[in-house]
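So the chains spell out like this:
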Amino acid sequence: MLRYNSSMRKILKKKYSGVSLVEMLLTMIILTIVMILVGVTLNTMIRASIMSNGRTTARQESEFMLELMRKTIRNSNSEEVLVYTVSGRTYNPTTLRTQDSNLSGYDGVTPVDGSGTEIHFRPIGYDKWVCVGYFPDSTDSSKGYVLKSIRQDLLTPSECFNGQSSQFVANTLVLNSEDIDVNQLSIRYFNTYDSNYLITIDLAVEPTKWVPGSNNISPVFFQQTVVSTQKLTWED
């Protein structure tokens, strides 16, 4: 009987033996390290995904804007390509209209080899003027927009993006989405052969969704395109 009781105690002691404090601490430390590694990995993947999406969006939208200008300007006569350096006009994304304050720059075209922010042109065989320009946000100067407007008659250059006009909303389109801020649109033109113009367009855009704290990685992307007008000349 005593031998039986002794055997039962050994079995029960072995069966219900617990985990020591040292083993529990080691387990908690290992789990904590694993969780930290998983968290760091997920955070890195999320940051990389945000940066990749931002770069892709910036590249696609900047290429779209430049390609649109390149195609239409190429088919225009140089006499009907006008560049202006405009200041004092902003765009309000809430009212979808431009606002003027000390407007200037429309009193004369930007001289050859100068830099402008707005270009007006009329493609060959097209009876309407196309205007493309850069305008800062009316409430946040760090944001900007590229607008495209179409007008039948353009007697006054400032009317192309006149927000008070009844035709403005119907004829004006914002070329960049809310995911992209435009920091700069610079247009330069030079004389070339057969009275044509060689035009360079520089565009700087920045994605609105970016990784906070990534000061060492610039979110600003630059694109440039070069286009020449194709004025037709006849020789005797």
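Residues numbered from 1 in each chain as written. Predicted model: local features only at pLDDT ≥ 70, side-chain atom pairs only at ≥ 80, totals over all residues. Heavy atoms only, no water.

Some remarks on the overall build of the protein chain
- A tally of regular secondary structure across the protein chain gives three helices and eleven strands.
- When the helices and strands of the protein chain are listed from N to C terminus, the series reads α-α-β-β-β-β-β-β-β-α-β-β-β-β.
- The buried share of the protein chain, taken over its 236 residues, is 35%.
- For the protein chain, restricting intrachain contacts to residue pairs at least 6 apart in sequence, the fraction spanning at least 24 positions comes to 63%.
- Carbon and sulfur atoms provide 57% of the accessible area of the protein chain, an area that totals close to 14,700 Å². (Helix = DSSP H or I, 4+ residues; strand = E, 2+ residues; numbered from the N terminus. Buried < 20%, exposed > 50% of the residue type's maximum accessible area, 1.4 Å probe, protein only. Contact = heavy atoms within 4.5 Å. Areas by Shrake-Rupley, 256 points an atom, 1.4 Å probe, with all protein chains shown as cover.)

Here we look at the pattern of salt bridges
- Using the criterion set out here, one finds six salt bridges in the structure.
- With a closest N to O distance of 3.8 Å, Lys-209 and Asp-179 form a salt bridge. Of the two residues, Lys-209 is situated in the loop between strand E10 (197-207) and strand E11 (221-228) and Asp-179 in the loop between strand E8 (172-174) and strand E9 (180-191); the sequence distance between them amounts to 30 residues.
- Residue classification places Lys-209 among the exposed positions, given a relative accessible area of 57%.
- Three or more residues are tied together by salt bridges with common partners; here these are Glu-67, Arg-70 and Lys-71. (Salt bridge = Lys/Arg side-chain N within 4 Å of Asp/Glu carboxyl O.)

Focus: the sheet that holds E10
- Overall, antiparallel pairing links the four strands, which are arranged E4-E9-E10-E11 in an open sheet. Where the open sheet ends on each side, the last strands, each with one partner, are strand E4 (115-116) and E11.
- Here eleven bridges tie E9 to E10, and the two strands are oriented antiparallel to one another. By the bridge assignment for E10, Tyr-189 is matched with Ile-199.
- The strands touched by helix H2 (residues 21-74) are E9, E10 and E11; relative to E11, the strand with the most contacts, the crossing angle is about 15°. (Pairing = 2+ DSSP bridges. Axes fitted to C-alpha atoms, helices over the stretch in contact; angles between N-to-C directions.)

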